[in-house]
Amino acid sequence: MSNSDQQVSLSVQNGTYQYSGGNKGNGNVENNVGQGPSKIHVTLNAATNYFIKNVQFQGSGQENFSFDIKGNERRVDIDDNCQTSANVKYTVIVGDSSGGADVLCDPQIINR
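Summary of the structure given here. Quick caveat: nothing in here was measured; it's all calculated off a predicted structure.

1. Let's talk about the environment of Asn26
So, step 1. Summarising the element assignment, Asn26 is placed in the loop between β2 (16–21) and β3 (29–31).
So, step 2. Under the relative-accessibility criterion, Asn26 is labelled exposed at 55%.
So, step 3. Separated by 82 residues in sequence, Asn26 and Gln108 have C-alpha atoms that sit 9.2 Å apart.
So, step 4. Every residue in contact with Asn26, bar those within four places of it in the chain, is listed here: Tyr19, Ser20, Gly21 and Pro107.

As structure tokens, then:
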């Protein structure tokens, strides 16, 4: 069975965050190695002063992943080529244009 694209919602308010979606819930995603690539669409649901600044990957298998920030910094598409096993925490860094601190939001991607 081939991997499918995943929809993830990221809500940020007053420096706290919550993920929903992904095939494992709470923004977490699991894919199968060798079953084709998967794209994880993360959409930011927050006040207009918040924006997606960057994405970082930590853990084994980071070489499987790349990202592209889109939609006026309100969406990021994470590409998972699913070519090798991976256990990666992806951190979406959300900036605050009103001068607040960055919010680091970090669920997990597993390739089995």
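2. Topic: the packing of aromatic side chains
So, step 1. Per the counting criterion, the structure on display carries 4 aromatic pairs.
So, step 2. Ring geometry for Phe57 and Phe65: centres 5.5 Å apart, planes at 20°, overall stacked.
So, step 3. Overall, Phe57 belongs to the buried group, its relative accessible area being 13%.
So, step 4. Of the residues examined, Phe65 reaches a relative accessible area of 9% and is grouped as buried.
So, step 5. Linked through ring pairs, Tyr17, Tyr19 and Tyr90 together constitute an aromatic cluster.

3. Structural notes on the sheet that holds strand β1 (residues 6–13)
Either a parallel or an antiparallel arrangement is found when strands of a sheet pair, and the pairing is made through backbone hydrogen bonds.
So, step 1. The sheet built from 5 strands is open, its strands ordered β2-β1-β4-β7-β6 with mixed pairing. Among the strands making up the open sheet, the edge pair consists of β2 and β6 (65–70). Within this sheet the neighbouring strands show an average axis-to-axis angle of 20°, counted without direction.
So, step 2. Here 7 bridges tie β1 to strand β4 (residues 38–46), and the two strands are oriented parallel to one another. Across the sheet, Val8 pairs through a bridge with Val42, a residue of β4.

The rules behind each value
- Residues numbered from 1 in each chain as written.
- Predicted model: local features only at pLDDT ≥ 70, side-chain atom pairs only at ≥ 80, totals over all residues.
- Heavy atoms only, no water.
- Helix = DSSP H or I, 4+ residues; strand = E, 2+ residues; numbered from the N terminus.
- Buried < 20%, exposed > 50% of the residue type's maximum accessible area, 1.4 Å probe, protein only.
- Contact = heavy atoms within 4.5 Å.
- Phe/Tyr/Trp six-rings, centres within 6.5 Å; stacked < 30°, edge-to-face > 60°.
- Pairing = 2+ DSSP bridges.
- Axes fitted to C-alpha atoms, helices over the stretch in contact; angles between N-to-C directions.

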